[in-house]
Amino acid sequence: MATKPPSVLRQYWSLTKPRIVALIVFTAVIGMFLAVPGLPPLRQALLGTLGIWLGAASASAINQLIDSRIDAKMARTAWRPLVAGTLTPRQALAFALVLAALSTAILWWGVNPLTAVLTFASLIGYAVVYTAILKHATPQNIVIGGIAGAAPPALGWAAVTGQLHPHALLLVLIIFVWTPPHFWALAIFRREDYARALVPMLPVTHGVEYTRWQIVLYTVLLLVVTVLPWATGMSGLFYLGGALVLGLVFLWYAWRLMDPPDEFYAMRVFNYSIVYLLALFAFLLLDHWLAPWLQPAPVVRLLPVG
Ligand code: HEM
Ligand SMILES: CC(C)=CCC/C(C)=C/CC/C(C)=C/COP(=O)(O)OP(=O)(O)O
């Protein structure tokens, strides 16, 4: 019996890289919650989430449109709708433009112009600067391009406060430093794909051994950077404990990758990177909510009467 082809709706859905965008939106939502005590204003939070999600989804669709020729050469991406021909480039472009316009309109009029501008800049940063230029120009492509993927917590923060606070930039810094170990672990496993598609990813240009060292170095840096929310007074000891445990496990994974038990081990490191970021941001939020209860009780001074 022939299997039914996936519906058109599903094709458009996959154009938005839904699982990656889900984690991106999750970090934006945490940014919103951390920006204010208690709950963020409902309208800004809902419209902000929708606008950021549409912006990231549009960027992903443009990325697939620009990349369709290299996606065709890679086993991991050869099934994508623009490669398989189940969607035409014209359909993908129209879809991406509608999402980008909706994102900008919702954020500009429903949230604030700052969030609209920053989200649009992230969209261009990923869809154009990273995909069309950096990806083919330098093995540092994902380090520089990582700024766009790291921006969402600041977008969420700006959505509910109308400002960019240094604490929001700290969250951006964390994702920025997380991106190289996240991606290079996958790139080690998929290096033949990238070599075939002539994309200068680090394991192709500098070899696997060098890339493993870079992963270890960035993971150490990540451990240091994740202490900063506690060191600057943004988060408490509950967060710090979680960040240190998660970070040390990441470091252990990265260190084992230097001499891996099998060739699939790099994918285990990659999968852990995703669990790591989810859990780290969950710790930030829980710590933020638990703070009033975890604060040491104020010392009551008994003043002598009279
Ligand atoms: C320049 C920055 C980044 C690069 C180059 C990158 C690269 C990749 C690649 C190549 C994949 C595999 C996708 C697939 O097979 O379809 C992936 C998966 C993933 N990435 Fe990233 N990524 C980046 C940033 C981010 C950011 C900022 C997040 C979220 C905050 C993220 C979350 C994820 C998730 C959740 C997956 C798993 C998707 C799934 O299981 O289907 N990535 N990434
Ligand atoms: C507006 C906004 C918040 C934008 C966020 C930008 C965004 C969606 C970043 C994700 C980064 C990412 C998935 C890179 C992988 O692209 P790739 O081309 O290297 O991966 P591929 O080979 O799987 O296509």
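Preceding this section is the structure that the text describes.
Structure report, in brief. Everything numeric in this text was worked out from a predicted model, so none of it was measured.

Moving on to the coordination of the iron atom of ligand 1. Inspection of the coordination sphere of the iron atom of ligand 1 shows a single protein donor, H182 (NE2), at 2.2 Å. Looking at the element boundaries, H182 is found in helix α10 (residues 166–189).

As a further point, take the site of ligand 1. Taken together, 20 residues sit near ligand 1, with R19, R76, G149, T179 and H182 positioned nearest. Within the side chain of R19, one N or O atom sits 2.9 Å away from an oxygen atom of ligand 1. R76 is positioned with one of its side-chain polar atoms (N or O) 3.0 Å from an oxygen atom of ligand 1. If you list the elements that add at least two residues to the shell around ligand 1, you get α2 (18–35), α8 (141–150), α10 and α16 (265–294). Per-element accounting of the shell around ligand 1 gives the leading share, six residues, to α10.

To continue, consider the site of ligand 2. Around ligand 2 sit 20 residues, and of these K17, R76, R80, Y130 and K135 come closest. Between ligand 2 and the protein, one listed contact pairs an oxygen atom with a side-chain N or O atom of D67 at 3.4 Å. For ligand 2, whose accessible area on its own is 630 Å², the fraction buried by protein is 90%. Partitioned by chemical class, the residues of the shell around ligand 2 number nine nonpolar, six polar and five charged.

In this section: unusual backbone geometry. Not every positive phi belongs to a glycine, and K17 is a case in point at roughly 45°. Following the sequence through the fold, K17 ends up in the loop between α1 (8–15) and α2. The class for K17 is buried, based on a relative accessible area of 14%. At L198, a residue that is not glycine, the phi angle is positive and equals roughly 60°. With respect to the helices and strands, L198 occurs in the loop between α11 (191–196) and α12 (202–205).

Attention shifts here to the nonpolar core. Formed by 70 residues in total, the largest nonpolar core has its most connected members in F183, W184, Y194, Y276, L280 and F281. The greatest single-element share of this core, amounting to 14 residues, is contributed by α10. Built from parts of two domains, this core gets at least three residues from each of domain 1 (8–163) and domain 2 (165–291). In this structure Y194 touches M74, R76, F183, L186, A187, V199, M201 and V204, once residues within four positions along its chain are discounted. Formed by 12 residues, the second largest nonpolar core is a distinct cluster that contains L15, I62, L82 and A100.

This part takes up the side chain of R212. Along the chain, R212 turns up in helix α13 (residues 208–225). For R212, a relative accessible area of 15% translates into the label buried.

The element α8 is extensively covered by neighbouring structure, given that seven of its 10 residues are classed as buried. Inspection of α8 places N141, I142, V143, G145, G146, A148 and A150 among the buried residues, and these make up the whole buried set. The secondary structure elements touched by the buried residues of α8 are α7 (113–137), α9 (152–161), α10 and α13.

Conventions used here
- Residues numbered from 1 in each chain as written.
- Chains lettered and ligands numbered in written order.
- Predicted model: local features only at pLDDT ≥ 70, side-chain atom pairs only at ≥ 80, totals over all residues.
- Heavy atoms only, no water.
- Donors = N, O, S within 2.8 Å, 3.2 Å for Na, K, Ca; no water.
- Helix = DSSP H or I, 4+ residues; strand = E, 2+ residues; numbered from the N terminus.
- Near = heavy atom within 4 Å.
- Polar contact = N/O pair within 3.5 Å; in protein donor to acceptor, adjacent residues only side chain to side chain.
- Areas by Shrake-Rupley, 256 points an atom, 1.4 Å probe, with all protein chains shown as cover.
- Nonpolar A, V, L, I, M, F, W, Y, C, P; charged D, E, K, R; others polar.
- Buried < 20%, exposed > 50% of the residue type's maximum accessible area, 1.4 Å probe, protein only.
- Core = buried A, V, L, I, M, F, W, Y, C linked by side-chain atoms within 4.5 Å.
- Domains from an automatic or database assignment.
- Contact = heavy atoms within 4.5 Å.

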